[in-house]
Amino acid sequence: MTGILGRKLGMTQVFDESGKMWPVTVVEAGPCCVIQVKTKEKDGYEAVKVGFFEIKKEKKVNKPLKGIFKKAGLNAYKILKEFPMGDLKVGEMITVEKFQKGDVISATGISKGKGFQGVIKRHNYAGGPASHGSMFYRAPGSIGASSYPSRVWKNKGMPGHMGSERVTVKNLKIIDVKADRNLLLILGAVPGSKGTFLEIRKGV
């Protein structure tokens with residue numbers, strides 16, 4: 001599996017050879033530096049830890065991370081993630097050239113926060129009749145029975161905090177790769193707002 005870290009720059013539209021318009025998300029993907037290589041003998045599993053978005057000020061790095069970067073002999077990076085990839089060495093760079101037009105990928109990121117929301121928006125409840133005198137428009141309705149179980153069922157959809165959670169969107173298609181500018185053009189939308197950091201995996 002091939003993975004890379006990136007940052008969502010926003011959405012735009014592109015046209016193919018036939019003149020059809022496609023909505024795409026522009027992602028600045030990499031270059032990512034291999035910080036650590038984990039092996040089955042030493043760590044119990046095989047993976048590589050990669051870093052993205054280099055940190056310029058040393059004071060913004062805590063002591064445990066400073067130790068990791070010092071051991072690798074590399075500069076500090078803001079985002080660190082592990083991918084189950086092999087045949088890579090510490091200090092090696094992962095770029096968008098590992099992806100090609102037409103590849104199917106998955107994108108993982110933190111979704112947009114929507115604050116405190118009711119059941120209509122949060123859980124797609126139907127609500128009550130909108131006719132005059134109804135007095136039941138966007139309320140959740142009954143949340144449990146009286147005699148049994150005499151309590152509210154677990155996982156009952158209720159009003160509360162919505163969004164700002166880890167979301168993975170699968171089966172996204174790469175429309176174009178701009179290797180000279182480290183850009184991926186992904187068909188459709190990916191989680192998060194502008195500036196959200198993303199994990200992009202190929203073949204998932």
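**Focus: the sheet that holds strand β5 (residues 77–83)**
- Spatially, four strands are ordered β5-β4-β3-β6 in an open sheet, and the strand pairing comes out antiparallel. Every other strand in the sheet has two partners, leaving β5 and β6 (93–94) as the edge strands with one partner each.
- Here two bridges tie strand β3 (residues 32–38) to β6, and the two strands are oriented antiparallel to one another. Residue pairing across strands places Cys32 opposite Ile94, the latter belonging to β6.

**Details of the sheet that holds strand β11 (residues 183–187)**
- If you walk around this closed barrel you meet the six strands as β1-β2-β11-β10-β7-β12, and the pairing is antiparallel. On average, each strand axis in the sheet is tilted by 50 degrees relative to the strand beside it, whichever way the strands run.
- With four bridges joining them, strand β7 (residues 104–110) and strand β12 (residues 197–202) adopt antiparallel strand pairing. Following the sheet pairing, Ala107 is matched in β12 by Ile200.

**Let's talk about the environment of Val169**
- Tracing the sequence through the fold places Val169 in strand β10 (residues 166–178).
- Measuring from C-alpha to C-alpha, the distance between Val169 and Val90 comes to 29 Å, with 79 residues separating the pair along the chain.
- If we ignore the near neighbours within four places in the chain, the residues touching Val169 are Ile105, Ser106, Ala107, Ala189 and Pro191.

**Quick look at the packing of aromatic side chains**
- For the coordinates displayed, the defined rule picks out four aromatic pairs.
- When the centroid spacing of 5.6 Å and the interplanar angle of 70 degrees are considered together, the rings of Phe53 and Phe197 count as edge-to-face. Linking Phe53 in strand β4 (residues 47–54) with Phe197 in strand β12, this pair joins segments that are 144 residues apart in sequence.
- With a relative accessible area of 34%, Phe53 lands in the partly exposed category.
- Given the relative accessible area of 24%, Phe197 is considered partly exposed.
- Here a set of aromatic residues connected by ring pairs shows up, and it is made of Phe52, Phe53 and Phe197.
- Note that Lys202 overlies the ring of Phe99, its terminal NZ or CZ placed 5.7 Å from the centroid.

**Thoughts on the nonpolar core**
- Grouped together as the largest cluster of nonpolar side chains are 25 residues, with contacts concentrated most on Ile4, Val50, Ile94, Leu184, Ile186 and Ile200.
- If you tally residues by element for this core, the top one is β4, at three residues.
- Filtering out sequence-adjacent residues up to four positions away, Ile94 remains in contact with Gly3, Ile4, Gly30, Pro31, Cys32, Val34, Val50, Met85 and Leu88.
- Cys33, Ile35, Val61 and Phe69 belong to the second-largest nonpolar core, a separate cluster that totals seven residues.

Rules behind the numbers
Residues numbered from 1 in each chain as written. Predicted model: local features only at pLDDT ≥ 70, side-chain atom pairs only at ≥ 80, totals over all residues. Heavy atoms only, no water. Pairing = 2+ DSSP bridges. Helix = DSSP H or I, 4+ residues; strand = E, 2+ residues; numbered from the N terminus. Axes fitted to C-alpha atoms, helices over the stretch in contact; angles between N-to-C directions. Contact = heavy atoms within 4.5 Å. Phe/Tyr/Trp six-rings, centres within 6.5 Å; stacked < 30°, edge-to-face > 60°. Buried < 20%, exposed > 50% of the residue type's maximum accessible area, 1.4 Å probe, protein only. Lys NZ or Arg CZ within 6 Å of the ring centre and 35° of its normal. Core = buried A, V, L, I, M, F, W, Y, C linked by side-chain atoms within 4.5 Å.

Distances and angles like these do not, on their own, reveal function.
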